[in-house]
Amino acid sequence: MCCPDALWLHPHSSAAVWLGINIFLFTYYFLFFDRDERYFYTRAILGSALAWARASAKCLNFNSMLILLPVCRNLLSFLRGTCLCCRRTLRKQLDHNLTFHKLVAYMLALLTAVHTIAHLFNLERYNHSQQATDRSLPAVLSKMHLQGSDKWLNPIHSNQTVSTVEYVAFTTIPGLTGVIITLALILMVTSSTEFIRRNYFEVFWYTHHLFLIYFAGLVIHGIAGLVRGQTEESMEEVHPRRCAQYLTQKEEDCSHDCCKHPEFGSIPAEPGGVLSPVLTPQVVMHPARVLELQMQKKGFRMEVGQYIFVNCPTISLLEWHPFTLTSAPEEDFFSIHIRAAGDWTERLIDTFQQQNPEMPRIEVDGPFGTASEDVFQYEVAMLVGAGIGVTPFASILKSIWYKFQQADQTLKTKKIYFYWLCRDTGAFAWFNDLLASLEQKMAESGKADFLTYRLFLTGWDTSIANNVALRFDTATDTVTGLRHKTIFGRPMWNSEFASVAAAHPRSVVGVFLCGPGALAKSLQKFCHQHSSLDPRKVKFYFNKENF
């Protein structure tokens, strides 16, 4: 049975949906703990703060259970491969895995704040009840430990406690683990901001490994059971609705059924929620400090547009960085292209350029699926790459070249529009040979119109402009040497989409981007703007690479 389009969720509505789910769960558990008879005496001391703390804890466990699923890359690749019968609109939800991961993280931060504040109120009320000298119910319940039993209800047993918050936070298991997992969560959330990830990736990478401490602390957090409730056996003997009044009026010669003291127990703790062998790569240096690593591994199988995580122990034992595969599935090796864009990539390129007798070792995790895997599901595809973002499309175009070589009749795609935006001319160099080969092969196959590509140079100087002007009438481009001339400036996307829509009035067009977020927003807007409301006419579906 195939999956209906009606199940598709627009990315902008996912935050509201996830918030609604958590509000529903929070309300359910809040009402449960606010009415559960086992916590009658506990509520007598803590009031509604008990329900706030316990409901937020349940929702924290729920979100903690889900936080890792969106970044389980093998699971996503498996789901993408087994969802063949699903419509593309449902499969596209897998491309929003990082958005969902962030939503769950934001919810964890919000629920942690609620849980912490609620327990601060709880500690204050525990302390106030312990200090009380009257015969009120909270005061009597707080003195239960004086009966010589471990069936206490108030965890604060002394009137001499200097600072209740510090005492509980640093001398009890729940308090200490609560402080640790809260600090770990704060560090992970704050280091995940766009500024930190872009400029100090190592900070983001290392602090995110605090998730190990977070989950370990989460499992231990409820073991001691500071928040207690009345045991089932005790409730059968002295039910609080029937016997609570006698606790404050108990006589020495009491003989009725409610004379026995209630007994309390801990709430049961509840659970919160293959690397490849070392590889020695072949190295190719391209202009503009672009490093190509060609590697081989027995049993390695890939699809177009997939990516891998790479580690170089010589540089760092713990750092793993994602890179899109630039090779085609038909090749007997897999490759990546690495541009100098940070400390780690700078050191990696410098290490391989030194040409030492012993080649640095590389470890690989993957491959993992991305939106680009679906490119051959569309009759018409628009591929947009910005700078080194051209890498997933290198794999796609190489695969098409092999399919033409092998006269593959199963190729569904009939037309590809390829757009590449670069700031400098050197970035074009390593990709020119592939485009030139495609031009020649498609011309020989009588399918010269299969691929239309446009190269945009967004940064240039006077010397480049003068050189182009002098050789404007030549058959090949001055900058790239290709038949299609380089365009100076940025694309007029409205005109490009209008042109594609006019050329393919009844087609489903897949738009694939590997580039910055600002460009993604622009392309997504034009996809909606140029898609027809008539299901029989042109539709544009936007897909973006996410790591």
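Rules and cut-offs
Counting from 1, residues in each chain are numbered in the order their sequence is written. Predicted model: local features are reported for residues with pLDDT of at least 70 only, side-chain atom pairs are reported and counted for 80 or more only, and whole-chain, interface and lining totals are derived from all residues. Water and hydrogen atoms play no part in the side-chain values, which are based on all heavy atoms of the structure. Secondary structure follows DSSP: runs of H or I at least 4 residues long count as helices, runs of E at least 2 residues long count as strands, and numbering of each begins at the N terminus. Only protein chains enter the accessibility calculation, which uses a 1.4 Å probe; a residue whose area is less than 20% of its type maximum is buried, one above 50% is exposed, and one in between is partly exposed. Within 3.5 Å is the distance limit for a polar contact, defined as a pair of N or O atoms, with the added protein rule that one can donate a hydrogen and the other accept it, and that residues adjacent in sequence qualify only through two side-chain atoms. Residues are treated as being in contact if the distance between any of their heavy atoms lies within 4.5 Å. UniProt positions are given in the numbering used here, feature names are shortened, and annotations may be inferred rather than shown by experiment. Patches were defined on residues exceeding 30% relative accessible area and lacking a salt bridge, with like-charge contacts within 9 Å and nonpolar side-chain contacts (Val, Leu, Ile, Met, Phe, Trp, Tyr) within 5 Å. Surface accessibility follows the Shrake-Rupley procedure with a 1.4 Å probe radius. Residue values consider only the protein chains on display as shielding. The term salt bridge refers to a pairing of a side-chain nitrogen on Lys or Arg with a carboxyl oxygen on Asp or Glu at a separation within 4 Å. For Phe, Tyr and Trp, rings pair up if their centres lie within 6.5 Å, where Trp contributes its six-membered ring, and each pair is then called stacked (planes under 30 degrees apart), edge-to-face (over 60) or tilted (otherwise). Whether a charge sits over a ring comes down to the Lys NZ or Arg CZ being within 6 Å of the ring centre and within 35 degrees of the ring normal. Axis definition: a line fitted to C-alpha atoms, limited for helices to the stretch in contact. Angles are taken between N-to-C directions and run from 0 to 180 degrees. For classification purposes, angles smaller than 35 degrees are called roughly parallel, those larger than 145 roughly antiparallel, those between 65 and 115 roughly perpendicular, and all remaining angles oblique. Throughout, a crossing is termed right-handed when the near helix is turned clockwise from the far one, and left-handed when it is turned anticlockwise from it by less than a right angle. What is meant by a nonpolar core is a set of buried Ala, Val, Leu, Ile, Met, Phe, Trp, Tyr and Cys residues, joined one to another through side-chain atoms within 4.5 Å. The arc in question is traced by the directions running from the helix axis to the C-beta atoms. Here, strands pair whenever DSSP counts at least two bridges between them. Asp, Glu, Lys and Arg are counted as charged, while Ala, Val, Leu, Ile, Met, Phe, Trp, Tyr, Cys and Pro are counted as nonpolar; the rest, among them Gly, fall into the polar class.

Colleague: Could you clarify how one ought to interpret the side chain of serine 316 in this entry?
Modeller: Turning to its location among the elements, serine 316 is positioned in the loop between strand S5 (307–311) and strand S6 (321–324). Judged by relative accessible area, which is 8%, serine 316 ranks as buried. Engagement of the side chain of serine 316 in a polar contact is seen with the side chain of tyrosine 206, the distance being 3.0 Å. Once residues lying within four places of it in the same chain are set aside, the contact partners of serine 316 are Tyr206, Asn311 and Trp344.

Colleague: Looking at this structure, how should I read the UniProt feature "transmembrane region" (unreviewed entry) in the protein?
Modeller: Annotation from UniProt places "transmembrane region" (unreviewed entry) at residues 15–33, 103–121, 167–191 and 203–227. Secondary structure across residues 167–191 divides into 92% helix and 0% strand, with the first and last C-alpha atoms of the span separated by 30 Å.

Colleague: So what exactly am I meant to see when it comes to a nonpolar patch on the surface here?
Modeller: Together, Leu69, Leu75, Phe78 and Leu79 give the surface a local cluster of nonpolar side chains, amounting to about 340 Å² of exposed area. Note on placement: leucine 75 falls in helix H4 (residues 73–82). The class of leucine 75 is partly exposed, set by a relative accessible area of 34%.

Colleague: What am I meant to see in the packing of aromatic side chains here?
Modeller: In the structure shown here, the tally under the stated rule is 25 aromatic pairs. For the pair phenylalanine 497 and phenylalanine 526, a centre-to-centre distance of 5.9 Å together with 25 degrees between the ring planes defines the contact as stacked. Of the two residues, phenylalanine 497 is situated in helix H19 (residues 493–503) and phenylalanine 526 in helix H20 (residues 517–530); the sequence distance between them amounts to 29 residues. In this pair, the class of phenylalanine 497 matches that of phenylalanine 526, namely buried. An aromatic cluster is present here, built from Trp18, Phe62 and Phe100 joined pairwise through their rings. Taking NZ or CZ as reference, lysine 525 lies 4.8 Å from the ring centre of phenylalanine 526, over its face.

Colleague: Explain the pattern of salt bridges here, please?
Modeller: For side chains bearing opposite charge, pairing can occur when the charged atoms are close. Applying the stated criterion across every chain yields a total of six salt bridges. Salt-bridge contacts for arginine 38 lead to aspartate 36; the nearest nitrogen and oxygen are separated by 2.8 Å. Given a relative accessible area of 29%, arginine 38 falls into the partly exposed group. Look at aspartate 36 and you get buried, because its relative accessible area is 13%. Between arginine 347 and glutamate 319 there is a salt bridge, with the nearest N and O atoms lying 4.0 Å from each other.

Colleague: Looking at this structure, I do not really get the packing of helix H9 (residues 173–190) against helix H12 (residues 211–221). What am I missing?
Modeller: When two helices pack together, you describe them by how their axes are tilted relative to each other and by the distance separating the axes. The interhelical angle for the contact between H9 and H12, taken along N-to-C directions, is 155 degrees, at an axis separation of 9 Å. Accordingly, the angle class assigned to the pair H9 and H12 is roughly antiparallel. By crossing handedness, the relation of H9 to H12 is classed as left-handed. Along its contact with H9, which presents Ile173, Pro174, Thr177, Gly178, Ile180, Ile181, Leu185 and Met188, the element H12 presents Phe211, Ile213, Tyr214, Gly217, Leu218, Ile220 and His221.

Colleague: Looking at this structure, how should I read the nonpolar core?
Modeller: Side chains that are nonpolar tend, in soluble globular proteins, to be buried together. Judged by nonpolar contacts, the single largest core of 42 residues is most densely connected at Tyr41, Leu141, Tyr214 and Leu247. Within the residue set of this core, elements represented by two or more residues are helix H1 (11–35), helix H2 (40–46), helix H3 (49–66), helix H6 (97–131), helix H7 (137–142), H9, H12 and helix H14 (240–247). No other element matches the seven residues that H6 contributes to this core. Among all residues touching leucine 141, those that are not within four sequence positions of it are Tyr41, Ala44, Ile45, Leu153, Leu247 and Phe264. Counting 28 residues, the second-largest nonpolar core is a separate cluster that includes Leu411, Ile416, Met442 and Phe450.

Colleague: Looking at this model, I keep getting lost on H12. Mind explaining?
Modeller: Owing to its 3.6 residues per turn, the α-helix brings residues three or four apart onto one side. By the burial criterion, the buried members of H12 are Tyr214, Phe215, Gly217 and Leu218. What you see down the axis of H12 is that its buried residues fit within an arc of 160 degrees, all on one side. Across H12 from its buried face, at more than 90 degrees, point the exposed residues Leu212 and Val219. Where H12 is buried, its residues meet H3, H6 and H9.

Colleague: Please explain the sheet that holds S5 as it appears in this structure.
Modeller: Across the sheet, which stays open at both edges, the three strands sit in the order S6-S5-S8 with antiparallel pairing between neighbours. Looking along the sheet, the strands with just one partner apiece sit at the ends: S6 and strand S8 (363–368). Averaged over all pairs of adjacent strands, the angle between their axes in this sheet comes to 30 degrees, without regard to strand direction. The pairing of S5 with S8 spans four bridges and is antiparallel. Note that in S8 the partner of phenylalanine 309 across the bridge is aspartate 365.

Colleague: Sorry if this is basic, but what is going on with the packing of H3 against H6 here?
Modeller: At a minimum axis distance of 8 Å, the contact between H3 and H6 shows a crossing angle of 155 degrees. Overall, the two elements H3 and H6 adopt an arrangement that is roughly antiparallel. Regarding H3 and H6, the two cross each other, and that crossing is left-handed. Partitioned by chemical class, the residues of the contact of H3 with H6 number 16 nonpolar, seven polar and one charged.

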